[in-house]
Amino acid sequence: MKNKAPERGNLLVSEPSIIGDHSFSRSVVLLTEFNTEGVVGFILNKPLGCTLDQLIPEISTELEVYQGGPVDTDNLYFLHNIPELIPGSHLIEDGIYWGGDFHAVSDLLNKGLITGEEIKFFLGYSGWETHQLSEELEGNSWVVVENTDSKNILSNNMQDIWKKKMKKLGGEYELWSNAPENPSYN
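Residues numbered from 1 in each chain as written. Predicted model: local features only at pLDDT ≥ 70, side-chain atom pairs only at ≥ 80, totals over all residues. Heavy atoms only, no water.

As named in an unreviewed UniProt entry, the chain is Transcriptional regulator, taken from Nonlabens dokdonensis. The heading Sequence similarities (unreviewed entry) in the UniProt record of the chain holds the text "Belongs to the UPF0301 (AlgH) family." (UniProt positions renumbered as here; feature names shortened; annotations may be inferred.)

In structure tokens:
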């Protein structure tokens, strides 16, 4: 399958052949930045099994935290759809924003003014030098698709997005949608 050129706001869907890569096996990555300096994105479907209040005790909310990627995993990042409440937000596309003033976020969370449908937190991010992602695309590690899930990107119901994207791609991809994560278990 010939990949389209990736752009900010697109999704990278990992090819079924990425087996054994803890970060990227069965991952869907939202590209938040794409320029000559490199590419940044966040894995949408890998919850870490911890909540925000466990990482930052000063915040009294139990929002789930996701693995954003293997880079800079000591730092917390966030996507949201409420730029009017979070100064310094950066538009990705279609009503989804990246980052902004974390003190404002913390205050809004503690006051119960932000819900889990409006913000999603990540430890780390996924990053590539531009030529590195091009090589991975040429090596069939990823399929680039339009983001048709903007309304659901922030929800906690994204764990099955990889399977849905495989089915939508059709053909041989559809076969992979129901295969076990490790084919040797089949």
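Let us look at the overall build of the chain. Counting its regular elements, the chain contains five helices and ten strands. Computed over its C-alpha atoms, the radius of gyration of the chain comes to 17 Å, within 12% of the 16 Å expected for a compact globule of 186 residues. Contacts spanning at least 24 positions in sequence make up 62% of the contacts within the chain whose residues lie at least 6 apart. With 13 positive and 28 negative side-chain charges, the chain shows a spacing of 9 Å between the two charge centroids. (Helix = DSSP H or I, 4+ residues; strand = E, 2+ residues; numbered from the N terminus. Rg over C-alpha atoms; globule rule 2.2 N^0.38 Å. Contact = heavy atoms within 4.5 Å. Lys, Arg positive; Asp, Glu negative; His and termini not counted. Charge placed at Lys NZ, Arg CZ, Asp CG, Glu CD.)

Attention now moves to the environment of N110. Tracing the chain through its elements places N110 in helix α2 (residues 102–110). Note: C-alpha distance between N110 and E58 (52 residues apart in sequence) is 8.5 Å. In terms of polar contacts, N110 uses its side chain to reach the backbone carbonyl oxygen of E58, at 3.1 Å. (Polar contact = N/O pair within 3.5 Å; in protein donor to acceptor, adjacent residues only side chain to side chain.)

Under the criterion given, the structure shown has ten aromatic pairs. Aromatic rings pair up to connect F42, Y66, Y77, W98, F122 and Y125 into one cluster. Seen from the ring of Y66, K120 lies directly overhead, with NZ or CZ sitting 4.2 Å from the centre. (Phe/Tyr/Trp six-rings, centres within 6.5 Å; stacked < 30°, edge-to-face > 60°. Lys NZ or Arg CZ within 6 Å of the ring centre and 35° of its normal.)

Relative to the helices and strands, N147 is located in the loop between β10 (142–145) and α4 (161–169). Residue N147 is classed as buried on the basis of its relative accessible area, which comes to 8%. Here the side chain of N147 touches D149 through a polar contact of 2.9 Å, landing on its backbone nitrogen. Separated by 3.2 Å, the side chains of N147 and S150 make a polar contact. (Buried < 20%, exposed > 50% of the residue type's maximum accessible area, 1.4 Å probe, protein only.)

Right, let's get into unusual backbone geometry. Here the phi dihedral of R26 falls at roughly 60°; this positive angle occurs in a residue that is not glycine. Examined against the element boundaries, R26 turns out to sit in the loop between β1 (11–14) and β2 (28–35). Positive phi is not limited to glycine here, since D72 has a value of about 55°.

With that settled, the discussion passes to α4. Quick reminder: α-helices carry 3.6 residues per turn. Residues three or four places apart thus point the same way. Every buried residue belonging to α4 is among I161, W162, K165 and M166, and all of these are buried. One side of α4 holds all its buried residues, which, seen down the axis, span an arc of 140°. For α4, exposure combined with an orientation more than 90 degrees from the buried face picks out K164 and K168. Packed against the buried residues of α4 are β1, β2 and α5 (172–176). Directly after α4, the chain includes G170, whose backbone phi takes a positive value near 70°. (Arc of directions from axis to C-beta.)

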